[in-house]
2 protein chains.
Amino acid sequence: MVSVAIMGHGVVGSGVAEILTTHKKKLFASIGEEVYIKHILDLREFPDSPLADRFTKNFDDILNDVEVEVVAEVMGGINPAYDYTKKLLKAGKSVVTSNKELVAAKGAELLAIAKENNANFLFEASVGGGIPIIRPMHQCLVANNVKEVAGILNGTTNFILTKMIAEGMDFDEALKLAQDLGFAERNPEADVEGHDACRKICILASLAFGKHVYPDNVHTEGITKITLEDVKYAASFKSVIKLIGKVKVLDNGKMDILVAPMLISKKSQLANIDYEFNGIMVRGDCTGDVVFYGKGAGKLPTASAVVADIIDCCKHLKTRKYLYWADGTSENILPYNESETAVYLRLSAVDRETVINKAKEIFGEVTVITYEGANPNEVAVATPVMTIQDVESKVALLENDNINVLSKIRIGDL
Amino acid sequence: MVSVAIMGHGVVGSGVAEILTTHKKKLFASIGEEVYIKHILDLREFPDSPLADRFTKNFDDILNDVEVEVVAEVMGGINPAYDYTKKLLKAGKSVVTSNKELVAAKGAELLAIAKENNANFLFEASVGGGIPIIRPMHQCLVANNVKEVAGILNGTTNFILTKMIAEGMDFDEALKLAQDLGFAERNPEADVEGHDACRKICILASLAFGKHVYPDNVHTEGITKITLEDVKYAASFKSVIKLIGKVKVLDNGKMDILVAPMLISKKSQLANIDYEFNGIMVRGDCTGDVVFYGKGAGKLPTASAVVADIIDCCKHLKTRKYLYWADGTSENILPYNESETAVYLRLSAVDRETVINKAKEIFGEVTVITYEGANPNEVAVATPVMTIQDVESKVALLENDNINVLSKIRIGDL
């Protein structure tokens, strides 16, 4: 019998308890021992739970219980999750977590503490919910040099964008629907401003390239400025707009990493990932592109990934998994200004001809994009590939000529 | 240092040697030891190879070398791969393989021998080439009851069908192109008749449901009868035709397993998997649908999966992985006649009205499908869901009325 504890009894935590109970036989068969939930930490009371006798409000009950070998941290947030996780790892207990905020902020440190104490720190559920991605990237792609990772990493924003694209809803309406359906929080900032996607691409970048990437060092744009006009121009450019988290390692060893909405060709595998689904593309030098697709959030998908990590820890109680990355600094990151991309621009135009000529004069060979019913006082163009710095200086030239830039969105090469 | 041997120096085998050489540093970092290629078994000579001194024509050089702990079997075919693998496992050496024919025919027996001898038998590369699927299914989805697995498991047939769908090539022309590009063998039977896909779905079914499924017990249809007309009817039914390997576990515990071309809704994630790519959908009770996508064949993708297995064996030299399934019989399989599906039928029709009425009389509510330019002497319909037995008896009634069934293709519910 392996005794485990669960810290947090919210959506994911209650899902973990549920799966450990309903899938008991299957899990037993997998490791040859029973997984026993000994403690559940939550400040709330759950007198009607069949596990009511296991609840505690005191973290020390878990920390000081020598029988507890694996702990699932599913509280979310940095504090007190960080402090608890450190203490548990130092006590030689393995910790698994779904907490992307914690892993993105403190992953390198916690992995180092785990290593020192011959314990495991696993976090399959922190990216892509129920989609297996951390373990396949780490294990199956061990024989590859990963060149690039790009993905739709946030289901809430993908749901909103899909509603805009497929049904012509505007952003506010789609956000409200997402909130009503429980896909978006009442305070949707972490999702719609791209912070959640940023934490996830930081975790994937750290794993792929072996150096911790901190969210503060990553350029992050959300989707709040995307309009229905942009969606329609994108469609006539045979593209869809998706919020993409992306990291690519350059020849100089620096990571070109960012989170931003992008026009993605409809032919891309990522273009067909719709609604609340997530998809992650891993480009290896041997495998080529591999894509993982599924539900990126939700109680049981996420909880099943946490349970898979618990089982992995149970199988490796005496041996360490080799999951590890070193600390990193902003030195490893390409300054955003030097990042290269083509850009879609939507411009105000009293006279279309003049604006198109001016855009060509400034940007070189641009592709003019239009759709039936487009505003005659606007011009949309796709620029050639250039650095963000060049984009910004050329945009300033347009604005000097009293041409307003109404939208400016990267064109992805995925 | 861990000494390994490679049996076979063909496409995949030379790829394994190449990756073990070019990715030496990365692999060292992963396991903390060097992976040393001590022997390569091949009857041919490779005097110009940088590894020329490691070649042997004598299997016993590997079997009797106590230093060799892991062997990659990449010869293909049942004999002598089966005999060699058995002997190696009995000698306590771990074996990894890309040989789907071997795993589909002898998996249960070889896994049992591995277990008895405290060795590992791994075969990530046998399904989906470079796509991680065996390990994610086994490990990450351990907390799920898998309900269904369905996939595009053969790149050659998918390439041919995509050329037919996207470019209007006919089957023979697309097959020839596939052969010219090296995607299809000179003797394409194993691919186009569905045998290769059958071996792969047998492996996935055995893994998902814990009982070995033998290819001989699985209904297998290929794509040689698919016409351009079928492709066009499918398009106007908002579908594409794909060769699907599929297994679903029924409430009575039997597996509904088959390989057949199917009309798949364009909305399905599998519909957008084109050309030589593979895609595999795993439906779990907790995760929902998870899809894995990538190159299903090719030298380096497949070899990178073999190397990942080698590394996994190196990490688990003293411990066994828990990958295992029991033997199985045809008793575990639903007789094909009892399998349920809707069907697309293309019928000869001197008089369309009469044939449509007759089809409705026999099948109940059918959907008539047509496209601009369709042959006026044909009728295409989609039937309701029924057993294959019912389909066959109703088709016989049509034929009794001198209506010829020109095509009969399952409609997938994926």
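Above: the structure in question.
These lines cover the structure that appears in this document, whether it is placed above or below. (Residues numbered from 1 in each chain as written. Chains lettered and ligands numbered in written order. Predicted model: local features only at pLDDT ≥ 70, side-chain atom pairs only at ≥ 80, totals over all residues. Heavy atoms only, no water.)

## Some words on the packing of aromatic side chains
Centre distance and the angle of the planes are the two values used to describe a pair of aromatic rings. All names here are of chain A. Applying the stated criterion to the full structure yields 19 aromatic pairs over all chains. With a centroid separation of 5.6 Å and an interplanar angle of 50 degrees, the aromatic rings of F121 and F123 are classed as tilted. One exposure class covers both F121 and F123, and it is buried. Connected via pairs of aromatic rings, a cluster forms that spans F121, F123 and W325. In this arrangement the basic side chain of K115 is found over the ring face of Y324, its NZ or CZ atom lying 4.2 Å from the centre. (Phe/Tyr/Trp six-rings, centres within 6.5 Å; stacked < 30°, edge-to-face > 60°. Buried < 20%, exposed > 50% of the residue type's maximum accessible area, 1.4 Å probe, protein only. Lys NZ or Arg CZ within 6 Å of the ring centre and 35° of its normal.)

## Describing helix α13 (residues 352-363) of chain B
Residue and element names in this part refer to chain B. The terminal C-alpha atoms of α13 lie 16 Å apart, and with twelve residues this matches the ideal 16 Å at 1.5 Å per residue to within 8%. For α13, the set of buried residues is V355, I356, A359, I362 and F363. The buried residues of α13 occupy one face: seen down the axis, they fall within an arc of 135 degrees. Structural note: α13 exposes E353 and E361 on the side pointing more than 90 degrees away from its buried face. Buried residues along α13 sit against β13 (340-348), β14 (367-369), β15 (378-382), β16 (386-387) and α14 (388-400). The positive-phi residue at the C-terminal boundary of α13 is G364, with phi of around 85 degrees. (Helix = DSSP H or I, 4+ residues; strand = E, 2+ residues; numbered from the N terminus. Expected span 1.5 Å × (residues − 1). Arc of directions from axis to C-beta. Contact = heavy atoms within 4.5 Å.)

## A few points about the sheet that holds strand β1 (residues 2-7) of chain A
All names here are of chain A. Taken in spatial order, the six strands of this open sheet run β3-β2-β1-β4-β5-β6, and their pairing is parallel. This sheet does not close on itself; its edge strands, each paired only once, are β3 (55-56) and β6 (121-122). The pairing of strand β2 (residues 35-41) with β3 spans two bridges and is parallel. Directly across from L41, in β3, lies its bridge partner T56. (Pairing = 2+ DSSP bridges.)

## What about the interface of chain B and chain A?
Listed per partner, the contact involves 42 residues of chain B and 42 residues of chain A. The tally of links from chain B across to chain A stands at zero salt bridges. Run the count over chain B and chain A and you get 13 residue pairs in polar contact (both at pLDDT 80 or more). For the side of chain B that touches chain A, the elements supplying multiple residues, two or more each, are α2 (24-31), α6 (134-138), β12 (288-295) and α12 (299-315) of chain B. (Salt bridge = Lys/Arg side-chain N within 4 Å of Asp/Glu carboxyl O. Polar contact = N/O pair within 3.5 Å; in protein donor to acceptor, adjacent residues only side chain to side chain.)

## What to know about the relation of the copies chain B and chain A
Mapping chain B onto chain A calls for a rotation angle of 180 degrees and an axial translation of 0.0 Å; the resulting RMSD is 0.0 Å. Interpreted geometrically, this transformation is the action of a two-fold axis. Closest approach to the rotation axis among the C-alpha atoms of chain B is made by F292 of chain B, whose C-alpha sits 2.4 Å away. An overlap of 100% is found between the interface residues of chain B and their copies at the interface of chain A, pointing to a shared contact surface. (Least-squares fit on C-alpha atoms with pLDDT ≥ 70 in both.)

## Focus: the pattern of salt bridges
Counted under the stated rule, the structure contains 52 salt bridges over all chains. One salt bridge connects K242 of chain A with D274 of chain A, and the closest N-O pair in it is separated by 3.0 Å. Of this pair, K242 of chain A sits in strand β9 (residues 239-249) while D274 of chain A sits in the loop between β10 (255-265) and β11 (277-284), placing them 32 residues apart in sequence. Its relative accessible area of 0% is what places K242 of chain A among the buried residues. As a salt-bridge pair, D312 of chain B and R135 of chain B come within 3.0 Å of each other at their nearest N and O atoms. Residue D312 of chain B is located in helix α12, and its partner R135 of chain B is located in helix α6; the two are separated by 177 residues in the primary sequence. We note that D312 of chain B, like R135 of chain B, is buried. In the salt-bridge network here, residues are joined through shared partners; they are E148, K246, K248, R283, D289 and D413 of chain A.

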